[in-house]
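# Structural description and commentary
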Amino acid sequence: MKESEILFLLGENSYPSISFPIFQTSNFKFSSVKEFKLAIDDEENSLIYSRGNNPTLTVLAEKLAALDGKQKALLFSSGMAAISTAVISLVKEGDKVLCMEGVYSWTQHLLKNILSRFGVETHFVPYYNIVESINEHYSLIYVESPLTRTFEVVDLEEISRRAHDVGAVVIIDNTYSTPLRQRPADFGIDVVVYSASKYTGGHSDLVGGYLTCDEKLYSRIFNHEYLTFGGIMSPLDAWLFLRGLRTLPVRLDRIEQSTWKIINFLQHHPAIEKIYYPGSISDEQNKIYHKQMRGITGLFSIQFKRKDPGLINAFCEKLRFFRMAVSWGGYESLVLPYTMWKETEWDGMVRLSIGLENSDELIQDLEQGLKIFTLE
Ligand code: PLP
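My aim in this report is to walk through the structure given alongside it, one point at a time. Position numbers for residues start from 1 in each chain and track the written sequence from start to end. Per-residue local features of the predicted model are confined to residues with pLDDT of at least 70, and side-chain atom pairs are confined, for both listing and counting, to 80 or more; whole-chain, interface and lining totals are unaffected and use all residues. Each side-chain value is worked out from all heavy atoms of the structure, with water and hydrogens disregarded.

Grid points spaced at 1 Å over the protein atoms alone were grouped into cavities, where a 1.4 Å probe fits but cannot get out, and pockets, open sets with protein on both sides within 12 Å along at least five of seven lines, with lining residues defined by an atom within 4 Å of a point. Grid points are joined across faces, edges and corners, and a volume is the space filled by probe spheres set on the points. What the rule picks out here adds up to one cavity of 30 Å³ or more. For the largest cavity, the calculated volume is near 40 Å³. Around the largest cavity sit Leu299, Ala325, Val326, Trp328, Leu334, Val335, Leu336, Arg351, Leu352 and Ser353, which together line it. Each helix is a run of H or I in the DSSP string that is no shorter than four residues. Each strand is a run of E no shorter than two, and both are numbered from the N terminus. Counting residues per element, the ones that place at least two in the lining of the largest cavity are strand 11 (334–337) and strand 12 (349–353). Residues were grouped as follows: Ala, Val, Leu, Ile, Met, Phe, Trp, Tyr, Cys and Pro as nonpolar; Asp, Glu, Lys and Arg as charged; and all remaining residues, including Gly, as polar. Considered class by class, the residues forming the lining of the largest cavity number eight nonpolar, one polar and one charged.

Structure representation (structure tokens):
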């Protein structure tokens, strides 16, 4: 199915309203006991209670699954709710998980500190060792590609092939790319998880998440972890998400154009040592990037020649359009100073998220901020 078909038509025939209604209801009613009983016996395909199904979420989920080339999608109250539910639904006591180093910090926390309490052990390996490390001891492989600090990518086709050879399932966090810049299903990935709080929602006004998978796994998760944990998206957030999703292609095109222009400007600036974005760090990485991604989005890191945290903090505070905040992928540009954390591997770095502002104005802002490095 084509992009516009999915974003503007799919699932929207039931009502004459142009904007799909918000079903702000917890409960659904029945006119006969027989009808009620049939629904209770098949909650997965029925409207009973909004912890299970709600029409606003259903139409959104249909679109998200189609965009990802998967059969089904499940919506959650945050990206972490989607990730925790996906992971927990795929492991049991005694299982071993193989995970890439550098995945989102709360995902690491889930694997290292929470699942370990229930007898599930996780081995973390660097991105360049993940393919070779896959073997029959692991039942779940978890990757995030690109990573969202230094933007390394991994070969998804190779990972799926090896994992499936040993009977393991693969989950990817595809939040950076969105379905429009990378479709993991095309490379055999089993479960795709997203924070909708980033580009897919896109307006910094909702916290949400989702996963996409095949019908069989959907049924399993829906009838167990989804209904039990109850970390569902609210109808109002689903409606906001639906509204944001329609403009995703337009937003990403503008963001990508601005991002290349800004990277090009920064690459030639005397204060900058290095820029990290998908495919940037080696020829091998560039090959993987071209093989599986259809472009970049607006998130990248820069390393300054002068690593003085005082100067870096002053740079961040001098910027006008780039707000200092954590959750990227909205309409506004952001700067995240890594000086806030102790890890020395990120010395002298900040992460930028490019928003929808005029790119020339963003460059002017960066230019005035960067003067702090060349003043003395
Ligand atoms: N995955 C990535 C790559 C993220 O950056 C984040 C949030 O920052 C998450 C997952 C978690 O999403 P949420 O904040 O919606 O729970």
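Text resumes after the structure shown.
Whether a residue is near a molecule or strand is decided by its heavy atoms; if any one of them lies within 4 Å of it, the residue is near. Around the ligand, the surrounding shell holds 14 residues, and the nearest of these are Met80, Asp173, Ser195, Ser197 and Lys198. One of the side-chain nitrogen or oxygen atoms of Lys198 is found 2.9 Å away from an oxygen atom of the ligand. Surface burial for the ligand is 89%, taken as the share of its 380 Å² of free accessible area covered by protein chains. Assessed atom by atom at 2 Å from the grid points, the ligand resides in the largest pocket. Per element, the largest residue contribution to the shell around the ligand is three residues, and it comes from helix 4 (residues 79–89). Partitioned by chemical class, the residues of the shell around the ligand number four nonpolar, seven polar and three charged. Counting of polar contacts relies on pairs of N or O atoms within 3.5 Å, with two restrictions inside protein: one atom must be capable of donating a hydrogen and the other of accepting it, and residues adjacent in sequence are counted only when both atoms are side-chain atoms. Here the accessible surface of atoms and residues is derived via Shrake-Rupley with a 1.4 Å probe, and residues count as covered only by protein chains that are part of the display. Should more than half of a molecule's atoms lie within 2 Å of a pocket's or cavity's grid points, that molecule is taken to sit in it.

Once that is clear, we can look at the environment of Glu361. The residue Glu361 is located in helix 14 (residues 359–374) in this model. Distance from Glu361 to Val125, taken between C-alpha atoms, is 41 Å for residues 236 residues apart in sequence.

With that out of the way, let us pick up the pattern of salt bridges. A pair is scored as a salt bridge if a Lys or Arg side-chain nitrogen falls within 4 Å of a carboxyl oxygen belonging to Asp or Glu. Scanning the entire structure with this criterion turns up 14 salt bridges. In this structure, Arg183 and Asp186 form a salt bridge, with 3.1 Å as the shortest nitrogen-oxygen distance. Three exposure classes are used, based on accessible area relative to the maximum for each residue type with a 1.4 Å probe and protein chains only: buried under 20%, partly exposed in between, and exposed over 50%. The exposure class of Arg183 is partly exposed, given its relative accessible area of 24%. Among the residues examined, Asp186 registers a relative accessible area of 45% and is labelled partly exposed. Of the charged contacts in the structure, one is a salt bridge between Lys307 and Glu273, with a shortest N-O distance of 3.2 Å. Residue Lys307 is located in the loop between strand 9 (299–304) and helix 13 (309–318), and its partner Glu273 is located in strand 8 (residues 272–276); the two are separated by 34 residues in the primary sequence. Looking at Glu273, the relative accessible area reads 47%, which means it is partly exposed.

All right, on to the packing of aromatic side chains then. Think of it this way: a Phe, Tyr or Trp ring, Trp meaning its six-membered ring, pairs with another when their centres are within 6.5 Å, and the plane angle makes it stacked under 30 degrees, edge-to-face over 60, tilted otherwise. Counted according to the given criterion, the structure contains 18 aromatic pairs. When the centroid spacing of 5.4 Å and the interplanar angle of 85 degrees are considered together, the rings of Phe76 and Tyr226 count as edge-to-face. With Phe76 in strand 1 (residues 72–76) and Tyr226 in helix 9 (residues 215–229), this pair connects stretches of sequence that are 150 residues apart. Between the aromatic rings of Phe304 and Phe373, the centroid separation amounts to 4.4 Å while the plane-to-plane angle is 20 degrees, which identifies the pairing as stacked. Taken together, the residues span a long stretch of sequence, with Phe304 in strand 9 and Phe373 in helix 14 at a distance of 69 residues. Assigned by exposure class, Phe304 and Phe373 land together as buried. Through pairs of rings, three or more aromatic residues link up here, namely Phe76, Tyr218, Phe222 and Tyr226. Over the aromatic face of Trp328 sits the side chain of Lys198, whose NZ or CZ is 5.8 Å from the ring centroid. For a Lys NZ or an Arg CZ to count as sitting over a ring, it must be within 6 Å of the ring centre and within 35 degrees of the ring normal.

Should DSSP find at least two bridges between two strands, the strands are regarded as paired. Strand order in the open sheet made by the five strands is 8-9-12-11-10, with mixed pairing throughout. What marks the edges here is a single partner per strand, and that holds for strand 8 and strand 10 (323–324). Here four bridges tie strand 11 to strand 12, and the two strands are oriented antiparallel to one another. By the bridge assignment, Leu336 is partnered in strand 12 with Arg351. Sitting on the sheet, helix 13 is in contact with strand 9, strand 10, strand 11 and strand 12, with an inclination near 20 degrees to strand 12. Contacts are residue-level and defined by heavy atoms, with any inter-residue pair within 4.5 Å sufficient. Interaxial angles span 0 to 180 degrees and are taken between N-to-C directions of axes, which are lines fitted to C-alpha atoms, for helices over the stretch in contact.

Turning to the packing of helix 11 (residues 248–267) against helix 14, a few remarks are in order. Following both chains from N to C, one finds helix 11 and helix 14 inclined at 30 degrees, their axes separated by 10 Å at the closest point. Between helix 11 and helix 14, the interaxial angle falls into the category roughly parallel. Considering only the axes of helix 11 and helix 14, their crossing is right-handed. For the pair formed by helix 11 and helix 14, the contact residues are Ser258, Lys261, Ile262, Phe265 and Leu266 on the first element and Ser359, Asp360, Leu362, Ile363, Leu366, Glu367 and Leu370 on the second. Small angles under 35 degrees read as roughly parallel and large ones over 145 as roughly antiparallel, with 65 to 115 read as roughly perpendicular and the rest as oblique. In this scheme the handedness of a crossing depends on how the near helix is turned from the far one: anticlockwise by less than a right angle means left-handed, clockwise means right-handed.

Function cannot be read off these values alone, since they describe shape.
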